[in-house]
Structures are given as structure tokens and as C-alpha cells.
Amino acid sequence: ILDIREEKTHSLIGITAGALERLEDSEIKFILGHEMGHFLCGHNRMNAVFAMDENNPKATVLPPFGESLFLRWRKKAEFSADRAGLIACGDFRASARALLKATFGLSEKNLNLDVEALVSQIDEVKDSSEMMETVFASHPLLPIRLKALQLFGRTEHAAECGCTVEG
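The structure displayed is predicted, hence computed values, not measured ones.

**Topic: a nonpolar patch on the surface**
Residues Ile15, Leu20 and Leu32 make up a contiguous nonpolar surface patch of roughly 220 Å² in combined accessible area. Here Leu32 falls in the partly exposed class, since its relative accessible area comes to 34%.

**Here's the deal with the confidence of the model for the protein chain**
The predicted model of the protein chain averages 77 in pLDDT, with 62% of residues at 70 or higher. At the level of individual helices and strands, the protein chain shows its lowest average pLDDT in strand β1 (residues 2-5), which scores 52, and its highest in helix α2 (residues 25-40), which scores 92.

**Observations concerning the packing of α2 against helix α5 (residues 92-104)**
Direction vectors running N to C along α2 and α5 enclose 75 degrees, while the axes themselves pass 8 Å from each other. On the basis of the axis angle, α2 is roughly perpendicular to α5. Contact residues: Ser26, Glu27, Phe30 and Ile31 in α2; Ala94, Ser95, Arg97, Ala98, Leu99, Lys101 and Ala102 in α5. When the residues that make up the contact of α2 with α5 are grouped by side-chain class, the tally is six nonpolar, two polar and three charged.

**Things to note about the side chain of Asp82**
As for its placement among the helices and strands, Asp82 is situated in helix α4 (residues 64-89). Beyond its immediate chain neighbours, meaning those up to four positions away, Asp82 contacts Phe30, His34, Leu99, Arg145 and Leu149.

**Topic: the packing of α5 against helix α8 (residues 142-153)**
Axis separation between α5 and α8 bottoms out at 11 Å; the angle between their running directions is 165 degrees. One finds that α5 runs roughly antiparallel with respect to α8. In this structure, α5 meets α8 at a crossing whose hand is right-handed. Where α5 approaches α8, its residues Phe92, Ser95, Ala96, Leu99, Leu100, Thr103 and Phe104 are matched on the opposing element by Leu142, Arg145, Leu146, Leu149 and Gln150.

Rules of the game
Residues numbered from 1 in each chain as written. Predicted model: local features only at pLDDT ≥ 70, side-chain atom pairs only at ≥ 80, totals over all residues. Heavy atoms only, no water. Patch = residues over 30% accessible without salt bridge, like charges linked within 9 Å, V, L, I, M, F, W, Y side chains within 5 Å. Areas by Shrake-Rupley, 256 points an atom, 1.4 Å probe, with all protein chains shown as cover. Salt bridge = Lys/Arg side-chain N within 4 Å of Asp/Glu carboxyl O. Buried < 20%, exposed > 50% of the residue type's maximum accessible area, 1.4 Å probe, protein only. pLDDT = per-residue confidence, 0-100. Helix = DSSP H or I, 4+ residues; strand = E, 2+ residues; numbered from the N terminus. Axes fitted to C-alpha atoms, helices over the stretch in contact; angles between N-to-C directions. Parallel < 35°, antiparallel > 145°, perpendicular 65-115°, else oblique. Contact = heavy atoms within 4.5 Å. Nonpolar A, V, L, I, M, F, W, Y, C, P; charged D, E, K, R; others polar. Left-handed = near helix turned anticlockwise from the far one by under 90°.

What follows is the structure in C-alpha cells.
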């Protein structure tokens, strides 16, 4: 994503040739809708808060507590963008496939979409020591994203937008 600012704000979303080759049309709709969701919600404007320190590229200009809050906000922003992607695509399974393919770089040949198995991993990992690492990640864990998207897909608002969720 590139945000070019002059007198007006122009937004550009790029999609790689590899993504075009691996993704179905409905999955591309999810990805583009997700990225548009970031713009519609104004998430791109908040990235300036997290600017890197020119003298130390590994450090941010935020104090540790501020950085922690910002990372929590960024994870929540991903949930909002996922919802926009689902609305754009209209199909939960296509949305889930797009997230899996984008996260792991899988093709359809190697994709095993068992959403319920992925969602059940939430209970398996919630007390693990690896969960501490997710505090510093910019995106929520995939099983959590899928569960949140599934729950949103079952809401009246999602149904009004024409979204479908099986089960």
C-alpha cells in the first residue's frame, strides 16, 4: 500500500503477479477489500505515529508503553480490514482461503481449508509460551482472525451486505 499525499490523498493498492496467479477472483476481491478497508477506516494515517528513529532503525519513536498500545491497535485494525474484505467478497470461505494463501504463500494444490480445525487452535495456543511473541506482532494470529471473521459473517450487518457463512 502506498499513500501519496499532495493536495488530495491518493491511494494505491498493488497486487503481485504471484497473487494474481494463485488467487481466485473472489479471493482477490477479499484482498482488495481488506486493503481498501484500511484506507476507509483511516488506518494509514496512524502509521506516521509509529515512525522509525532514523538513528536506530530497530527502534520506534514511541515509548515502550505507547508502542505496546499501538501494536494492539494495529491488530484491531486488521479485524476491521478483514470485515471490509468479507463485505467486498461476500463469501467467508473465499475470504478464509485468501487469508491462508496470503499468510503462507500456498497454492490451491497445497491448501487444506479446515476452518474449524484452525479456529480450534485458539484454545490450544492461548496458554502457550509462544503467545508472548504475538504481543509484538503487527497482525493477530490467523485462527483468531478467522474466528472473528466467521463471527462477523454471521451478523445481521454482514447478511445485509450479502455475505455468506456456512454452518
